[in-house]
Amino acid sequence: MALIQLCSTSSSGIRPSPTSFPSCSSGLPTVNKDPSISFSGFVNPGAGVGSSTMSTRRRKGSVLTVRSSMETVATVGQVTEVTNDTFWPIVNSAGDKTVVLDMYTQWCGPCKVMAPKYEELSKKYLDVVFLKLDCNKDNRPLAKELGLKVVPTFKILKDKKIVKEVTGAKYDNLVQAIDTVRSG
């Protein structure tokens, strides 16, 4: 669920919009809106718990900046897509639950084979949080931080620490690793 509040300002030479907006209090998202720019709001589903996203668009020499706070929640029983911004907040909020991360790429054949099997595991293990990370250029910093060398790679975390890793499309090894971490 997203809450975006639009505010008009006249600071830094930006003319206020003819549309009346409520005044902004500190800490709330703001938009500097030039009247020559037509704005249509947007929501970024990849933003993380407690994080802010910012988008800047240029039109006719003007800059429009939109900030929004988003809440991403991992739901048990399904796989949740994560990004650089959402991964650690979700892991931190998982508490003592086991977290399994599927690190994949769109072009990887074995990743595509594992995807439906991984989805089934998320429905089977209702006490485990299942996440997936597309290791594209946008998420490369997190993939590097987590030590990705090959895809698919499955990282299993407990108490915010990586405790097991399964590389390759090895379904049986993944199930065994999840069972070991859950029971330990």
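Since we're looking at a predicted model, the values are computed, not measured.

### Some thoughts on the packing of aromatic side chains
Part 1 of the argument: Under the definition given, this model contains 3 aromatic pairs.
Part 2 of the argument: Here F87 and W88 contribute two aromatic rings whose centre-to-centre distance is 4.8 Å and whose plane-to-plane angle is 70 degrees, an arrangement assigned as edge-to-face.
Part 3 of the argument: What makes W88 partly exposed here is its relative accessible area of 26%.

### Concerning the sheet that holds strand β8 (residues 153-158)
Part 1 of the argument: Spatially, β5-β7-β6-β8-β9 is the arrangement adopted by the 5 strands of the open sheet, whose pairing is mixed. At either margin of the open sheet sits one strand with a lone partner, and together these are β5 (79-82) and β9 (161-167). Taken over all neighbouring pairs, the strand axes of this sheet differ in orientation by 25 degrees on average, direction set aside.
Part 2 of the argument: Pairing geometry for strand β6 (residues 98-104) and strand β7 (residues 128-134), over 7 bridges, is parallel. Within β7, the residue paired with D102 across the bridge is K132.
Part 3 of the argument: The sheet strands contacting helix α4 (residues 171-183) are β6, β7, β8 and β9, and the helix crosses β9 at an angle near 160 degrees.

### As for the environment of E119
Part 1 of the argument: Inspection of the secondary structure assignment puts E119 in helix α2 (residues 109-124).
Part 2 of the argument: You can call E119 partly exposed: its relative accessible area is 28%.
Part 3 of the argument: Setting aside chain neighbours within four positions, we find E119 in contact with Q78 and V79.

### Structural notes on the state of the cysteines
Part 1 of the argument: For the structure on display, the rule yields 1 disulfide.
Part 2 of the argument: Here C108 is linked by a disulfide to C111, with a sulfur-sulfur distance of 2.5 Å. Taking the torsion about the sulfur-sulfur bond, which here is approximately 80 degrees, the covalent link between C108 and C111 counts as right-handed. Of the two residues, C108 and C111, both sit in the buried class.

### A look at α4
Given 3.6 residues to a turn, an α-helix orients residues that are three or four positions apart in the same direction.
Part 1 of the argument: In this model, α4 (13 residues) spans 18 Å end to end at C-alpha, consistent with the 18 Å of a helix rising 1.5 Å per residue.
Part 2 of the argument: Looking at α4, one finds that the buried residues are L174, V175, A177, I178 and V181. With its buried residues spanning 165 degrees around the axis, α4 presents them on a single face. Opposite its buried face, α4 presents the exposed residues D172, Q176 and S183, each directed more than 90 degrees away.
Part 3 of the argument: For α4, the secondary structure elements touched by its buried residues are β6, α2, β7, β8 and β9.

The rules we used
- Residues numbered from 1 in each chain as written.
- Predicted model: local features only at pLDDT ≥ 70, side-chain atom pairs only at ≥ 80, totals over all residues.
- Heavy atoms only, no water.
- Phe/Tyr/Trp six-rings, centres within 6.5 Å; stacked < 30°, edge-to-face > 60°.
- Buried < 20%, exposed > 50% of the residue type's maximum accessible area, 1.4 Å probe, protein only.
- Pairing = 2+ DSSP bridges.
- Helix = DSSP H or I, 4+ residues; strand = E, 2+ residues; numbered from the N terminus.
- Axes fitted to C-alpha atoms, helices over the stretch in contact; angles between N-to-C directions.
- Contact = heavy atoms within 4.5 Å.
- Disulfide = S-S within 2.5 Å.
- Expected span 1.5 Å × (residues − 1).
- Arc of directions from axis to C-beta.

These figures come from the coordinates and say nothing about function on their own.
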